[in-house]
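Structural characterization, general
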Amino acid sequence: MLDIAVIGGGAAGFFAAINIKIKHPHLKVAILEKTKTVLGKVRISGGGRCNVTHACFSPKDLITFYPRGKKELLAIFNQFAPSETIQWFKEKGVELKTESDGRMFPVTDSSETIVNCFLNECEKHQIKIQINYPVQSIEKGEHSFIIHGENEQIEAKQIVIATGSSNYFWQLLKTFGHTLVAPVPSLFTFNIQHPLIQQLQGVAIPNVSVKLQVEKTLIKKLGLNAADLEQKGSLLFTHWGLSGPAILKLSAVGARLLNHQNYEFDIALNFCDEAKEETVLNVLNAQRKLNPKKQVSTTSIYNLPSRFLESTRSNDSN
Ligand SMILES: Cc1cc2nc3c(=O)[nH]c(=O)nc-3n(C[C@H](O)[C@H](O)[C@H](O)COP(=O)(O)OP(=O)(O)OC[C@H]3O[C@@H](n4cnc5c(N)ncnc54)[C@H](O)[C@@H]3O)c2cc1C
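Residues numbered from 1 in each chain as written. Predicted model: local features only at pLDDT ≥ 70, side-chain atom pairs only at ≥ 80, totals over all residues. Heavy atoms only, no water.

What follows is about the packing of aromatic side chains. One pass over the structure, following the stated rule, counts 15 aromatic pairs. Their ring planes at 75° and their centres at 5.7 Å tell us that F15 and F80 sit as a pair that is edge-to-face. On the criterion of sequence distance, the pair formed by F15 in helix 1 (residues 11-23) and F80 in the loop between helix 4 (70-77) and helix 5 (82-91) is long-range, its members being 65 residues apart. Under the relative-accessibility criterion, F15 is labelled partly exposed at 25%. When the ring of F271 is compared with that of F308, the centres are 4.6 Å apart and the planes differ by 55°; the resulting orientation is tilted. In this pair, F271 is assigned in the loop between strand 14 (266-270) and helix 12 (277-290) and F308 in helix 13 (residues 306-317), connecting sequence segments 37 residues apart. The rings of F14, F15, F80, W88, F89 and F118 are connected pair by pair, giving a single aromatic cluster. (Phe/Tyr/Trp six-rings, centres within 6.5 Å; stacked < 30°, edge-to-face > 60°. Helix = DSSP H or I, 4+ residues; strand = E, 2+ residues; numbered from the N terminus. Buried < 20%, exposed > 50% of the residue type's maximum accessible area, 1.4 Å probe, protein only.)

The following block contains the structure:
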């Protein structure tokens, strides 16, 4: 009988199994993986380079990057945060490097380094990796769990469930008495059918402010922070609508709200350094006085691309 069966051979399963064995070497631990390969997502992560962690060393600052669960994460990050992650890999011979935007990758620029580190640690700590073991059901006995695979069963005193986004396991957790918050999509782009947007596909604009227009009562009802519903960053026009970091961040902070609205919502975009309409008009009028014959699209107003200025002008005249 196993002491601990870790179900799921992804990053979470491996990290859990290895740390259990580091802290409790006498325990018999195995990883049970449904498919024939483990760590599949780690291999493709970060474009094949694996963005392991981020150079942000204060837990208070780190939680600001997360759209939900800040309070719960603070307690966790106070125990294990990027500094500990860097140290953990260093002790296993994996050096990380920091890019200018703070992302941290292995110096080899290859996710294979992380995969090999996990596999070596499993070998070193005698963690059995059982592939092709799709867990079908789990029976809870008085002192152990019986984990049913396709053709066999494994008994373990304790189990760790690390099956990622498996809906089957979410439902199974409910049968063990856990409560679950319903998941909703996050980090998505916005599908908007508008002639102006279609004309602009491929245009990227830095420093755009994007705000979800929502009634205050709804914001309160969903327990959201109104300030979060306005995000700033680059915006990209695509053939289906809007994308880019500002939109992705907004989709994450507004994930529950947008789901509640059935993905029909109004947004306000400010391309002019968050300036108010009156200020923008004053800037335009000043430009007109200075260069009465010049087209707006040939000015460098608010550093906006000429294609953007040109298309808003032609759209106004339609
Ligand atoms: C394209 C892409 C790039 C990414 N880049 C990064 C990055 O650079 N940095 C970063 O931090 N994150 C990145 N991520 C996110 C990251 O890959 C995931 O958050 C992480 O891999 C999730 O790990 P996990 O162990 O929780 O789940 P998974 O990796 O999904 O592992 C779950 C495992 O459980 C197994 N399983 C499911 N059901 C059963 C069953 N019934 N029986 C047995 N086993 C089962 C699955 O086969 C799978 O192997 C990226 C994701 C993608 C898709």
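Having seen the structure, we can now continue with the description.
Judged by side-chain polarity, L281, L284 and V296 come together as a nonpolar surface patch covering roughly 210 Å² of accessible area. Residue class for L284 comes out partly exposed when judged on its relative accessible area of 30%. (Patch = residues over 30% accessible without salt bridge, like charges linked within 9 Å, V, L, I, M, F, W, Y side chains within 5 Å. Areas by Shrake-Rupley, 256 points an atom, 1.4 Å probe, with all protein chains shown as cover. Salt bridge = Lys/Arg side-chain N within 4 Å of Asp/Glu carboxyl O.)

This paragraph deals with the sheet that holds strand 6 (residues 128-130). In spatial order, the strands read 6-2-1-9-8-7; together these 6 strands make up an open sheet with mixed pairing. Either end of the sheet is taken by a strand with one partner, and the two such strands are strand 6 and strand 7 (137-140). Within the sheet, the average angular offset between the axes of one strand and its neighbour, ignoring direction, is 40°. Pairing geometry for strand 1 (residues 2-7) and strand 9 (residues 153-161), over 5 bridges, is parallel. (Pairing = 2+ DSSP bridges. Axes fitted to C-alpha atoms, helices over the stretch in contact; angles between N-to-C directions.)

For the structure on display, the rule yields 11 salt bridges. Between K157 and D3 there is a salt bridge, and its shortest N-O distance comes to 3.0 Å. Placement of K157 in strand 9 and of D3 in strand 1 is noted, with a sequence separation of 154 residues between them. Residue K157 is classed as partly exposed on the basis of its relative accessible area of 43%.

Right, let's get into the domain arrangement of the chain. Split by domain assignment, the chain resolves into domain 1 (2-175) and domain 2 (190-317). A straight line from the C-alpha centre of domain 1 to that of domain 2 covers 39 Å. (Domains from an automatic or database assignment.)

The next point concerns the environment of T53. Of note, T53 is situated in strand 3 (residues 53-54). For T53, a relative accessible area of 12% puts it in the buried group. For the pair T53 and R307, spaced 254 residues apart in the sequence, the C-alpha separation amounts to 37 Å.

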